[in-house]
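Chain residues, written in single-letter form:
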Amino acid sequence: MRFVTKIILAGLVMAPVAAFAQTAPAISTTRLAPKHEEFAFEGPFGTYDRGALQRGFQVYKEVCSACHNLDHIAFHNMYEPGGPGFTEAQAKAIAAGYQIPADPNDKGETMDEKGVRLTRAGTLADHFPPPFPNEEAARANNSGALPPDLSMIVKARAGGPQYVYSIITGFSAKPPAGFKVTEGKYFNPYFEGWNISMPPPLVANAVTYSDGTKATIEQQAHDVTVFLSWASDPKMEERKRTGLGVLIFLVVLSGLLFLSYRKVWANMH
Amino acid sequence: MSGQSSYTPRSGLSKWIDQRLPLPRFINDTMMTFPTPRNLNIWYTFGGILTFCLGVQIITGIVLAMHYVANAGMAFNSVESIMRDVNYGWLVRFIHSTGASMFFLAVYLHMFRGLYYGSYKAPRELIWIIGVLIYLLMMATAFFGYVLPWGQMSFWGATVITSLFSSIDQIVPHLGTAITTWLWGDFAVGDATLNRFFSLHYLLPFIIAGVVGLHIWALHVPGNNNPLGIDVKSPQDTVPFHPYYTVKDAFYLCLYVLLFAVFVFYAPDFFGNPDNYEPANALVTPPDIVPEWYLLPFYAMLRAIPQKLIGVLVLGGAIVTLVFIPWLDTSRVRSCRFRPLMKQFFWAFAVDCLILGYCGSQGVDAVLFGVPLIWLARLGTLYYFGYFWVLMPVIGLIETPKPLPASIAQSVLGDSATAPAE
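Just so it is clear, the structure is predicted and the values come from calculations on it, not from any experiment.

(A) The overall build of chain A, seen in detail. Counting secondary structure elements, chain A contains seven helices and four strands. Counting from the amino terminus, chain A carries its helices and strands in the arrangement α-α-α-β-β-α-α-β-β-α-α. When each of the 269 residues of chain A is scored for burial, the buried share is 29%. The contacts in chain A between residues at least 6 apart in sequence include a share of 64% that link residues at least 24 apart.

What follows is the structure, given as structure tokens:
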């Protein structure tokens, strides 16, 4: 029902256009309910699939990271428990593959003689560097749109992982008659308003999985959604595991307290 | 507090202390031997649960404040850092954020219990009024706290609520705007606002703790009301607080903590809004600005009134009304258990609050079965005020209560001819 306001807002925006064009019955551009994709990390005992996390990281690195930040993830997170399960050496290698703006050198310079920003290799303590130096640069490279940070995206969207999965696989459907895709935008019915600035990001076999998994669009989307779910909630496995112990303790304690209660009150009724 | 102290020191040390600072005596009289009606049911365990909730919020809050940065540019990331980098930070923060909801759930059950059993009636008026004050302080604290993560809903919630004061412009031109600017410390919600909200969010819980002290002090003068709503007449009507109610409260508290833990560990974002995981952005208004669930009924009343100032007055009136309940209720008996007519209106009132909450959660133009929800909210608001200002005084006068049992002891210990079951 929260979409109702959005429809009205969309309507207000669309109204002058519609009046001018004198066309088409009004189409509700409320986003569709997300697809029912199932993930192994759901449910009280669910854990992240390590294979999917590592493959998903590959998809993020080779595809998404061209435009999207991963602000809240540090390289040391990559080998921490409950995460993608890389070794510390692998995480160091991943970090070393990124260039980070360097601190001033001995002469106090941050640029070389040609005016290019000095950089250094990433270390475990660094966070993933953003693809663009600032918001303006990001917008300038994306027709004015700002690609959102992906390290919080699964938590920051109603529908969570299913929403993210639906968005990245939702480009195949043809727009219905009467709906005209805005110039420079793409049709995606899982996105509010149906016009999305992101072009279809995935192409089958655009990545080559080293574990032999076939890189269909659905497979890549599933894997990167698992990776981003972890990025949003890296303590999920620890949380659920701790929770189980806490609940067992509380159930036992409740039982003991109930018996004490019965004994104390035994002669009072 | 009241009555004669039955305390006799058991050791030389406790006698020595008691003569200089009667703290052992105080603890004994208020928490051990305190005579408590023997028929208190599950709904009377929420006082203890609420004390627990306040303690949990203060302890987790102090730890969070060690890591939180009250700065508009850093607050959001500092909360994420608590969630990701601080040892067990995720646990402390989820206990605190879920704890707010568990606190309000308990306070609502506590308040509805007071309403049902007439616990606000003489001689307990001040307990009730102090309770309303605690509730008001809780709402303010929760509101300030919700702003601190500096997400989209934090920012826009703060903007909407503080802007309510600008409606005073309609009475005294510019005064409302001046108050709003003063509250913000700026010409918009920003860094100055965040800093003062953090300061107040840290201060108010300790004021709440003090007022809770008054609440319990006032309670210990007449002692507890009870489901029968009749006075304690003889020692047979009561049992010592310890061990009878310490063990009963502990058991129900443990069940409540169990529910609490299910949310903390398995649905920590259940009460939250996804938009608040999006950093605050003054340039992007979320499509729907919704408060936390515990404020939704009041939010529905505010939106049900098309005129802003009147809407704000209705919102304030809904809470101020609670202060007058002890005198609005004209009934001679306290408990709704013996009030066949009022009992029905009470449950209708409970449903009314849920309906208002539902209306508040929906978009402003939402429609249910062809009826705009705003009309449902208006009816709900009417019933809310009608319940207190019309039904309470009138029904107390026209209703014939069922006969009251002679005593608590008789009701509990048998003689089923006169005592209702339960």
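Back to the text.
(B) Layout of the overall build of chain B. Secondary structure summary: chain B contains 15 helices and four strands in total. Relative to the globule expectation of 22 Å for 422 residues, the C-alpha radius of gyration of chain B, 24 Å, shows essentially globular dimensions. C-alpha extents for chain B along the principal axes are approximately 70 × 60 × 45 Å. Per-residue burial for chain B yields a buried fraction of 40% across its 422 residues. If you take every contact in chain B between residues at least 6 apart in sequence, the share linking residues at least 24 apart comes to 76%.

(C) Up close: the domain arrangement of chain A. Assigned domains within chain A: domain 1 (31–71 + 147–234), domain 2 (74–126) and domain 3 (237–269). Distance between the C-alpha centres of domain 1 of chain A and domain 3 of chain A: 42 Å.

(D) How the structure looks around the environment of V224(A). Residue and element names in this part refer to chain A. Within the secondary structure, V224 is located in helix α6 (residues 217–232). On the neighbour-count criterion, V224 (28 C-beta atoms within 10 Å) is buried. If we skip the residues at most four places from it in the chain, V224 touches G56, V59, Y60 and C64.

(E) Spotlight on the confidence of the model for chain B. All names here are of chain B. Of all residues in chain B, 97% have pLDDT values of 70 or greater, and the mean over the chain is 94. Note that pLDDT drops below 50 for residues 416–422; the model gives that stretch seven contacts with residues more than four away or on any other chain. Across the whole predicted complex the pTM is 0.92, and at the interface the ipTM reaches 0.92.

(F) Layout of the environment of R139(A). Residue and element names in this part refer to chain A. Positionally, R139 belongs in helix α4 (residues 135–140). Given 14 C-beta atoms within 10 Å, R139 falls into the partly exposed group. Placed 72 residues apart in sequence, R139 and C67 show a C-alpha to C-alpha distance of 9.9 Å. Each residue touching R139, except ones within four places of it in the same chain, is listed here: G144, A145 and L146.

(G) Region of interest: the packing of helix α5 (residues 89–116) of chain B against helix α6 (residues 125–147) of chain B. Residues and elements named next belong to chain B. Interhelical geometry of α5 versus α6 gives an angle of 160 degrees and a closest axis separation of 12 Å. Accordingly, the angle class assigned to the pair α5 and α6 is roughly antiparallel. In this structure, α5 crosses over α6, and the sense of that crossing is left-handed. For the pair α5 and α6, the contacting residues are A100, F103, V107 and G114 in the first and W128, Y135, M138, A142 and G145 in the second. Split by residue class, the contact of α5 with α6 holds seven nonpolar, two polar and no charged.

(H) A look at α6(A). The terminal C-alpha atoms of α6(A) lie 22 Å apart, and with 16 residues this matches the ideal 22 Å at 1.5 Å per residue to within 8%. Here α6(A) lies mainly inside the structure; 13 of its 16 residues are buried.

(I) Looking closely at the nonpolar core. With 51 residues, the main nonpolar core has I49(B), L50(B), C53(B), F103(B), A106(B), V147(B) and W150(B) as its most contacted residues. Looking at this core, the elements with two or more residues in it are α3 (46–67), α4 (75–84), α5, α6, α7 (152–163), α9 (191–219) and α10 (241–266) of chain B. In terms of residue count, the dominant contributor to this core is α5(B) (11 residues). Aside from chain neighbours lying at most four places away, what touches W150(B) is A72(B), A75(B), F76(B), F155(B), L194(B), P279(B) and A280(B). Counting 41 residues, the second largest nonpolar core, distinct from the first, contains I73(A), A74(A), F191(A) and A221(A).

(J) Spotlight on the interface of chain B and chain A. On the chain A side, the residues contacting the 30 residues of chain B number 34 residues. Listing elements by their share of the side of chain B that touches chain A, those giving two or more residues are α4 and α10 of chain B. Of the residues contributing to the side of chain B that touches chain A, the split by class is 20 nonpolar, two polar and eight charged.

(K) Geometry of the confidence of the model for chain A. This prediction gives chain A a mean pLDDT of 90; 90% of its residues lie at or above 70. Note that pLDDT drops below 50 for residues 1–25 of chain A; the model gives that stretch 28 contacts with residues more than four away or on any other chain.

(L) Quick peek at unusual backbone geometry. Across the junction of A122(B) and P123(B), the peptide omega takes the value 5 degrees, indicating a cis bond. Position of P123(B) relative to the elements: it lies in the loop between α5 and α6. Residues H242(B) and P243(B) are joined by a peptide bond in cis, for which omega reads 10 degrees. The topology assignment puts P243(B) in helix α10. Unusually for a residue other than glycine, W194(A) sits at a positive phi of about 70 degrees. Mapped onto the elements of the fold, W194(A) is located in the loop between β3 (186–187) and β4 (195–196). Of note, F369(B) is a non-glycine position whose phi angle comes to about 50 degrees, a positive value. Mapped onto the elements, F369(B) comes out in the loop between β3 (367–368) and β4 (371–372).

Calculation rules
- Residues numbered from 1 in each chain as written.
- Chains lettered and ligands numbered in written order.
- Predicted model: local features only at pLDDT ≥ 70, side-chain atom pairs only at ≥ 80, totals over all residues.
- Helix = DSSP H or I, 4+ residues; strand = E, 2+ residues; numbered from the N terminus.
- Buried ≥ 20, exposed ≤ 12 C-beta atoms within 10 Å, placed from the backbone.
- Contact = placed C-beta atoms within 7 Å.
- Rg over C-alpha atoms; globule rule 2.2 N^0.38 Å.
- Domains from an automatic or database assignment.
- pLDDT = per-residue confidence, 0-100.
- Axes fitted to C-alpha atoms, helices over the stretch in contact; angles between N-to-C directions.
- Parallel < 35°, antiparallel > 145°, perpendicular 65-115°, else oblique.
- Left-handed = near helix turned anticlockwise from the far one by under 90°.
- Nonpolar A, V, L, I, M, F, W, Y, C, P; charged D, E, K, R; others polar.
- Expected span 1.5 Å × (residues − 1).
- Core = buried A, V, L, I, M, F, W, Y, C linked by C-beta atoms within 7 Å.

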